[in-house]
Amino acid sequence: MELQEYHVKRIFKKAGLPVLNGHVAYTPKEVKEIATKLKKGPFTVKAQIFGYNPCYGVVLPLGYKTNGCFCVATPKEAEEAASQLLMKQPDWLAELGPLVDIQKVYVEQAAQDFVVVGRLIFRVNFEKQCKVLRVEPEGASPVEFSFDSEISLEQLEKAAKKLCAKLPIEPKDMLTLFEKAHQLFEFYGAVALELSPIILEKGTHLKVVDGRLVFDPNNVSRFPELLPLIESRIGKERERLARKNGFRYVGLKGNIACITNGIGLGWATIDLVQRKGGRVAALLDVGTEPSKDVIVKALRLVLSEPNVDAILVNIFGCITRCDLIAEGLISASPEMVIGLPLVVRMDGTNADIGQRLLFESKLPFIVQTKMDEAVRAVIKKVKEKN
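Caption draft 1: Expanded view of helix α6 (residues 171–187). When the terminal C-alpha atoms of α6 are compared, their 24 Å separation across 17 residues agrees well with the 24 Å that a helix rising 1.5 Å per residue should span. Turning to α6, its buried residues are M174, L175, L177, F178, A181, H182, L184 and F185. Trailing α6 by a residue or two, G189 shows a phi angle of about 55°, which is positive.

Written out as structure tokens, the structure is:
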């Protein structure tokens, strides 16, 4: 489960992380007022869309205008940008399959006179039952540190030195930023926390341009302050979106999402999951000739179900080519919530090629060849997770 950008920025700011100054707005007039109070431009205006950040991890240059993101010079231009975004559903948004129009934007004072330092990621590796600190210096090879329980100060210091090795700042300043990010990650028991990118503004000030905070839905109830921030979507909207994309979609009340290529195979999958003791959250039938883009949209849709703990992709290739399914799953991997098990069963046309592509991707797919084994595997992963 993720929050929208403006919620994440508020949490970061409260935790002492140096984010850029900004506020959420619901009308063009509010956008102009916020930009005026921020005083000095340029300003970025970014659409706030459930489950999607249109310009994640990008530092916008002045004059930038694409896919829900604008970087403008004056409050008046910020107001005009908001007028082009709010209450609209442009072509690029329809392609992404959102469920509502753009209802709010985030207005922010853009970074100036800066260099990109790199990226910092804390995440849980569920396969190896450990946590990972990953540092990605700009223009250099990334470095990862694994830790079983608490990360050591020595590891944080090494990571901080790596990220600021070629910058005119003291490692202790970067270490302070790392410590605050780590404290936030541990406080919420988060699945992942990302600062992407970190910049050095005017040669002296570290700033966080963007970020992600991914939660385990099972832990959210421990933090009542987060509950009002969760923006849910009802099943009818998912079904409408499924019809728009040519899918058959059935929302149920379990925690395993099933993607199949045929409604008959879909019902058989549901029956087998239930016989083995599992519960299905949703069934999505992608049809007999899905493209890579269709698979990406299918994963986005089932991930919008609030209680999904695992995904089972059950494909029998006849007209359907298993290698195209595999390519679609690999392309869609950034859409997956980190740590969510994804079991793939392939049989039929080009199944051997599809399985090889999944193995060679080195992504954490659990590949099976028999339907019975795939169902057992996904149920086992759900029980381990819970």
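The rest of the description comes next.
Caption draft 2: The environment of S141, seen in detail. Here S141 is to be found in the loop between β7 (130–137) and β8 (143–147). Using a relative accessible area of 53% as the deciding quantity, one classes S141 as exposed. Through-space distance from the C-alpha of S141 to that of K162 is 10.0 Å; in sequence the pair is 21 residues apart.

Caption draft 3: Fine view of the sheet that holds strand β14 (residues 280–285). Taking strand neighbours across the sheet as the criterion, the six strands line up as β12-β14-β13-β15-β16-β17 in an open arrangement whose pairing is mixed. The sheet is open, and its two edges are formed by β12 (248–251) and β17 (365–368), each paired on a single side. The sheet shows a mean angle of 15° between the axes of neighbouring strands, taken without regard to direction. For strand β16 (residues 342–348) and β17, the ladder comprises four bridges, and the chain directions are parallel. Each residue of the ladder has a partner; that of V343, found in β17, is I366. Strand contacts of helix α10 (residues 322–331): β15 (310–317), β16 and β17, with the helix running at about 165° to β16, the strand carrying the most contacts. Against the sheet, helix α12 (residues 371–385) touches β13 (256–260), β15, β16 and β17, its axis set at about 170° to β15.

Caption draft 4: A look at α12. With 15 residues, α12 should reach 21 Å at 1.5 Å per residue; the first-to-last C-alpha distance of 21 Å fits that figure. Taken residue by residue, α12 has M371, A374, V375, A377, V378, I379 and V382 as its buried positions. Buried residues along α12 sit against β13, α8 (263–275), β15, β16 and β17.

Caption draft 5: Just the packing of helix α5 (residues 153–163) against α6, in detail. Running from amino to carboxyl end, α5 crosses α6 at an angle of 120°, the nearest separation of the two axes being 8 Å. By the angle class used here, α5 and α6 are oblique. Here the hand of the crossing between α5 and α6 comes out right-handed. Contacts between α5 and α6 involve L153, L156, E157, A159, A160, K161 and L163 from the former and P171, M174, L175, F178 and E179 from the latter. Of the residues that constitute the contact of α5 with α6, the class distribution is nine nonpolar, no polar and three charged.

Thresholds applied
- Residues numbered from 1 in each chain as written.
- Predicted model: local features only at pLDDT ≥ 70, side-chain atom pairs only at ≥ 80, totals over all residues.
- Heavy atoms only, no water.
- Helix = DSSP H or I, 4+ residues; strand = E, 2+ residues; numbered from the N terminus.
- Expected span 1.5 Å × (residues − 1).
- Buried < 20%, exposed > 50% of the residue type's maximum accessible area, 1.4 Å probe, protein only.
- Pairing = 2+ DSSP bridges.
- Axes fitted to C-alpha atoms, helices over the stretch in contact; angles between N-to-C directions.
- Contact = heavy atoms within 4.5 Å.
- Parallel < 35°, antiparallel > 145°, perpendicular 65-115°, else oblique.
- Left-handed = near helix turned anticlockwise from the far one by under 90°.
- Nonpolar A, V, L, I, M, F, W, Y, C, P; charged D, E, K, R; others polar.

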